[in-house]
Amino acid sequence: MPSILEHALDLAARGFRVFPLIPNDKKPAIDGWQQKATTDELQIRRWWQNNSGYNVGVAAGKWAGEGQLLLWDADVKNGKPGLSSLAELDMLGMPDSFRVSTPSGGFHVYTQMPADAGITVSADRIPDYPGVDIRGPGGYVVGPGSVINGQRYAVAADNPVALAETWLVDLAKSAQGQKREVTSREAVGEIDSVEALLRGAEWLRNGAPEAVEGDGGDHATYIVAARLRDFGLSEPTAFELMSVHWNEAGKASPPWAPEELRRKIENAFAYAQNPQGVSLASAEFEAVPEDSGACAGSRWEIGVKGRSAKIYALDFDTSADMALVAGAEPLIEDMLDVGAMSVMYGASNSGKTFVGLDMGFHIAAGLPWQGRRVSPGLVVHLVLEGGRGFHKRLAALRKQYADAIAGKRVPFLVVPCPIDMRTTGADVRALVKLIRSIAEEYGAPVRLVVIDTLSRALAGGEENGSQDMGAFVTNADALRNGLDCHVMTIHHSGKDAAKGARGHSLLRAATDTEIEIADNEIRTTKQRDMESISPIRFALVGVEIGKLDDGRRVDSCTVKLLTGSEFAPIELSRSATEMWEAFQDAAKDLALQGGRDPADWNDEILTSETWEEAYRALRSEDAEAGKTFSTRYIRKLRSEVVDSGRVLKVQENQWKAAT
């Protein structure tokens, strides 16, 4: 009989992404299985070399065949009528496809669906077909060869994976949207409101109890799911939030398998006694007396009604020690942070969309921006203004950077349709689900969402009004928290450019980074957690994209960041000029030492130490006269040279001329 490893390798050869499950269990044996599931033979052998008893999981969604893998689970455990429901589906035309029998007497049917079907997560409760669950991207089934309590999963029909017809895909979609029926008497307020989403996610991260196997883990999971219902969240939304912010965030030990977590949530919703949304309406998150505090030596905390997170205090040393471990991850080094919020504003035709697009493209392509490191990942640009012209701008970027992105599928998405960020948040919830599904397909984290522009996103709302601007900020936060990404808003400056971006002050208060685009300069006018950079000069350079059938040219522009030699107004101070001269001298010396032509000195890469030594050598006479040059002073000069565009940062402590 073939080993489980041999079964896993056979599944991978068929194009299925596989990963290990705990021996004699259905739970994943590795963290992050959604991203790590693979068809790579070497990786699969490594896993089973660690434990030959691993069961095998088969991930839904992306696979080596066409479209995406859609899995159907006909369940008969606990009296479920999955087999009779599957028989009805077979009579209606369920295709003859790859099929696996389960130890309990059920079946898994493997089908393929179009990549744009829009089924984003595992779901169940297909109307009129009880006992049949589906597994889309983010879900999995136990693969053939796996063993549970001595009973084996086995291939029942060794057929090619067949395409699910449109009616089957539509049936699967109907399952995804199913929620428990809630009458107006039962529900308190709107279900799945933006406020409920935000509070639910925050509570899961900061206030929800942990679930530990063997130590009341089942009950704790039930309590967490019931609390989310009390917040006014539906079952599908509770599953999504718990999966991301609780189950996969280490609060369930070990993490629940998706189908098990879903059943826990289903039970919590089915047996709930309170009206749905009661906690959100009454703002009762924690039944902790206001006068009770807890001390953990260097941290004191207290629960407060109306807050999901506790109020806490840190002592001096603990807070200071966090300086080196609590820093935010940079999205663009020294400019934007991952998970933060920024506003880029300027007058009409100032180039602000071009600059925002240029930043987003470099992040998606994993290319340094202005010599600054980026955190690569999926970028989504909401084109709410000037949609047709935007396609030309992307074509210009593709032509401009053809060599750098050759052979790559750049994870940059365009949403060229209206998105309402002023009212209930329904558009934002749908957008979050769409982007999550696309991120799963790309296998990349969501890094940046660009809202272009705020005026269009407000959908006729009042920019100067606190209510409409507050709703926009709430929706932007829902995007940021729901996707764990940076949100950048493209906005217009006011009539008085000196007063910054137009609109209510709520926007600036919520913003971490504010960037002004004016006079062909990029200026940071606000940085919450880092120093502002010196202005960066840029120009819009014309690019011929191609010709239409009638011979007319199609043109657009890309952003070119200018060096000091290309844009004379960026002058250096006398001391910084000497720092620049020291760089050139050191680069020429390095070329000579390596047997290269010193005329090509601008190809050399200098370390910070080499550059500093060259500057000190240049100023040796002043040093002998008693003048001192601190390391901090030299760093300041180096920053001035770099910000002028003459020198680019290649990587940490390495520098190269920009020309």
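Residues numbered from 1 in each chain as written. Predicted model: local features only at pLDDT ≥ 70, side-chain atom pairs only at ≥ 80, totals over all residues. Heavy atoms only, no water.

Asks: Would you mind showing me how to read the packing of aromatic side chains here?
Replies: Pairs of aromatic rings are described using the distance from one ring centre to the other and the angle between the two planes. Going through the model one piece at a time under the given rule, you end up with 16 aromatic pairs. Residues Trp611 and Trp655 carry aromatic rings whose centres are separated by 6.0 Å and whose planes lie at 70 degrees to one another, so their mutual orientation is edge-to-face. Of the two residues, Trp611 sits in helix H19 (residues 608–618) while Trp655 sits in strand S30 (residues 654–657), which places them 44 residues apart along the sequence. Taken individually, Trp611 and Trp655 each receive the classification buried, so the pair is uniform in this respect. Every member of this aromatic cluster is reached through a ring pair, and the members are Trp580, Phe583, Trp601, Trp611 and Trp655. Taking NZ or CZ as reference, Arg393 lies 4.3 Å from the ring centre of Phe354, over its face. Sitting over the ring of Tyr442, Arg409 keeps its end group 4.1 Å from the ring centre. (Phe/Tyr/Trp six-rings, centres within 6.5 Å; stacked < 30°, edge-to-face > 60°. Helix = DSSP H or I, 4+ residues; strand = E, 2+ residues; numbered from the N terminus. Buried < 20%, exposed > 50% of the residue type's maximum accessible area, 1.4 Å probe, protein only. Lys NZ or Arg CZ within 6 Å of the ring centre and 35° of its normal.)

Asks: Explain helix H7 (residues 217–230) here, please?
Replies: Each full turn of the α-helix corresponds to 3.6 residues, which orients residues three or four apart in the same direction. Compared with an ideal rise of 1.5 Å per residue, which puts 14 residues at 20 Å, H7 spans 20 Å between its outermost C-alpha atoms and is within 8% of the ideal. For H7, every residue scored as buried is listed here: Gly217, Ala220, Thr221, Val224, Ala225, Ala226, Leu228, Arg229 and Asp230. Backbone geometry just after H7 places Gly232 at a positive phi near 100 degrees. (Expected span 1.5 Å × (residues − 1).)

Asks: Help me out: how do you make sense of the sheet that holds strand S1 (residues 18–21) in this one?
Replies: Each strand in a sheet pairs with its neighbour through backbone hydrogen bonds, running either in the same direction (parallel) or in the opposite one (antiparallel). Read across the sheet, three strands follow the order S1-S2-S7 without closing on themselves; strand pairing throughout is antiparallel. Each edge of the open sheet is held by one strand with a lone partner, namely S1 and strand S7 (140–142). Direction aside, the axes of adjacent strands within the sheet are offset by 35 degrees on average. Each of S1 and strand S2 (55–59) is contacted by helix H3 (residues 41–50), which is oriented at about 5 degrees to S1, the strand it contacts most. (Pairing = 2+ DSSP bridges. Axes fitted to C-alpha atoms, helices over the stretch in contact; angles between N-to-C directions. Contact = heavy atoms within 4.5 Å.)

Asks: How do you make sense of the sheet that holds strand S22 (residues 446–452) when you look at a structure like this?
Replies: If you walk across this open sheet you meet the nine strands as S21-S20-S22-S23-S19-S24-S25-S26-S27, and the pairing is mixed. The open sheet terminates on both sides in strands that have one partner only, identified here as strand S21 (412–415) and strand S27 (553–561). The mean angle between the axes of side-by-side strands here comes to 25 degrees, regardless of whether they run parallel or antiparallel. Pairing between strand S20 (residues 378–383) and S22: six bridges, direction parallel. When the sheet's bridge partners are listed, Val380 is paired in S22 with Val449. Contacts from helix H16 (residues 466–483) reach strand S19 (341–346), S22 and strand S23 (486–492) within the one sheet, and its direction differs from that of S22 by about 160 degrees.

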